[in-house]
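Survey of secondary and tertiary structure
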Amino acid sequence: MKNSNLCFVALFFINVLFLTACFFIDSPAPERPPLRLIHDLWPGYLPIILAQEKGFFEQQGVSVETLVTENASERVADFNAGKADGITLALGNIMIASADNPNAHIIFAIDRSAGADAVVAQPQIKKVSDLKGKSIGTTVGGFNELFVAKMLEANGLTLEDVTLLNVEGENVPELVQNGKIAAGSTWEPFVSKATALGLNVLFTSAQTPGLIPDVMVFQASVLRERPDDVRAFVRAWFQAVDYWKANPEEGKKIIAESLKLQPEMISLKGYELLTLNDNLKTFVPGNTLESLPYTAQLYANFFVKTGSLSRHPNINQLLEPSFL
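Scoring rules and cut-offs
- Residues numbered from 1 in each chain as written.
- Predicted model: local features only at pLDDT ≥ 70, side-chain atom pairs only at ≥ 80, totals over all residues.
- Heavy atoms only, no water.
- Helix = DSSP H or I, 4+ residues; strand = E, 2+ residues; numbered from the N terminus.
- Rg over C-alpha atoms; globule rule 2.2 N^0.38 Å.
- Contact = heavy atoms within 4.5 Å.
- Lys, Arg positive; Asp, Glu negative; His and termini not counted.
- Charge placed at Lys NZ, Arg CZ, Asp CG, Glu CD.
- Expected span 1.5 Å × (residues − 1).
- Buried < 20%, exposed > 50% of the residue type's maximum accessible area, 1.4 Å probe, protein only.
- 1 Å grid on protein atoms, 1.4 Å probe; cavity = no way out; pocket = protein on both sides within 12 Å on 5 of 7 lines; lining within 4 Å.
- Points joined across faces, edges and corners; volume = space filled by probe spheres on them.
- Nonpolar A, V, L, I, M, F, W, Y, C, P; charged D, E, K, R; others polar.
- Salt bridge = Lys/Arg side-chain N within 4 Å of Asp/Glu carboxyl O.
- Pairing = 2+ DSSP bridges.
- Axes fitted to C-alpha atoms, helices over the stretch in contact; angles between N-to-C directions.

For the protein chain, the count of helices and strands is 14 helices and eleven strands. Here the protein chain has a C-alpha radius of gyration of 25 Å; the compact-globule value for 324 residues is 20 Å, and the former is much larger. Across its three principal directions, the C-alpha atoms of the protein chain cover 110 × 45 × 35 Å. Restricting the contact set of the protein chain to residue pairs at least 6 apart, pairs at least 24 apart contribute 78%. For the protein chain, the centre of its 26 positive side-chain charges and the centre of its 35 negative side-chain charges are spaced 2 Å apart.

Now for helix 10 (residues 227–246). Spanning 20 residues, helix 10 covers 29 Å between terminal C-alpha atoms, matching the ideal 28 Å at 1.5 Å per step. Within helix 10, burial applies to Asp229, Val230, Ala232, Phe233, Val234, Ala236, Trp237, Phe238, Ala240, Val241, Tyr243 and Trp244.

What the rule picks out here adds up to one cavity of 30 Å³ or more. In this structure, the largest cavity occupies an estimated 30 Å³ of space. Lining the largest cavity are Arg36, Leu37, Ile38, Glu65, Thr66, Leu67, Lys83 and Ala84. Of all elements in the fold, only strand 1 (35–39) and strand 2 (64–68) reach the threshold of two or more residues within the lining of the largest cavity. Split by residue class, the lining of the largest cavity holds four nonpolar, one polar and three charged.

Turning our attention to unusual backbone geometry. Here the bond from Glu188 into Pro189 is cis, since omega is 10°, no more than 30 degrees from zero. Its identity as a non-glycine residue notwithstanding, Lys260 has a phi of 60°, on the positive side. Mapped onto the elements, Lys260 comes out in the loop between helix 11 (248–259) and strand 11 (271–273).

In the structure shown here, the tally under the stated rule is nine salt bridges. In this structure, Arg75 engages Asp40 in a salt bridge whose closest nitrogen and oxygen atoms are separated by 3.1 Å. Taken together, the positions of Arg75 in helix 4 (residues 72–80) and Asp40 in the loop between strand 1 and helix 2 (47–53) put the pair 35 residues apart, joining distant regions of the chain. Asp40 matches Arg75 in its accessibility class, with the two residues each being buried. We note a salt bridge from Asp78 to Lys83, for which the minimum N-O separation is 3.7 Å. A relative accessible area of 51% places Lys83 in the exposed class. One salt-bridge network, held together by shared partners, links Arg32, Arg226 and Asp229.

Taken in spatial order, the five strands of this open sheet run 7-6-8-5-9, and their pairing is mixed. Only two strands of the sheet have a single partner each, and these edge strands are strand 7 (163–166) and strand 9 (200–204). Between one strand axis and the next, the sheet turns through 30° on average, direction left out of account. Pairing between strand 6 (residues 135–138) and strand 8 (residues 183–187): two bridges, direction parallel. Looking at the pairing, Gly137 lines up with Gly184 of strand 8. Sheet contacts for helix 6 (residues 143–154): strand 5 (117–121), strand 6, strand 7, strand 8 and strand 9; angle to strand 5, the most-contacted strand, approximately 65°.

This is the structure in structure tokens:
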């Protein structure tokens, strides 16, 4: 009788162990939420669309949700409020935004503007020197302010020679056309819109190579808590970049169809899309605009001088290349 009881107890525990094992085997792992990214339709940011359409994110094992917002100030406000895990921004803009969000980190450089940013002016203004004493619209405290300063400097003027008005780039063509400002700094596709309105292009980022890089920024908490997902995102991003560079027309067609745009509205012209190898080079400290640490320090110095920043940000903390 004693042996029978022992056998019963042993069988009971074996069944319990078997059922427990089946529970853990059959129960799927909890699904991770998608990484949430905010971007606008600047061409350099569109590898994210290509990666979605080609299934590169799925191949790399990460889910990504995107939100398109054209207004840079709104994007930054949403990111700082924790409504997104990542954001695409011009370097100058994140330098300012980092003052309110010290937990923002740049994980890679997206592109460098090489003509896609420009200062446009009223038809009667033919050259930069004609801007002396006139108003220029720009995002004060953003990358365009430094761009305007460099344009003036290259033509024997300073910021003291003009009146800067805080204007979002997408509003520049209409304000210049209506005579509210004499000139303004903007970017594609608004540069093309400005020329279609008969405005003059006075200066472009092709004349300041490396001054305006765009970067991918993530929240520190996401980098800390979901490093594998972030690495998968980075792999898929550069997979899309390589695909687009190797197949420019096909890549353009895929992106245009996804965004319901005409293919001619998607163009690689005017900016340098950066690969993984480009990034491995650009994160190296240097003394030219090819070095992201150098360029970031240039912006920091300028913004502290103009009062847009009250103190110098920690560049080493802002840049986080370990996910490359």
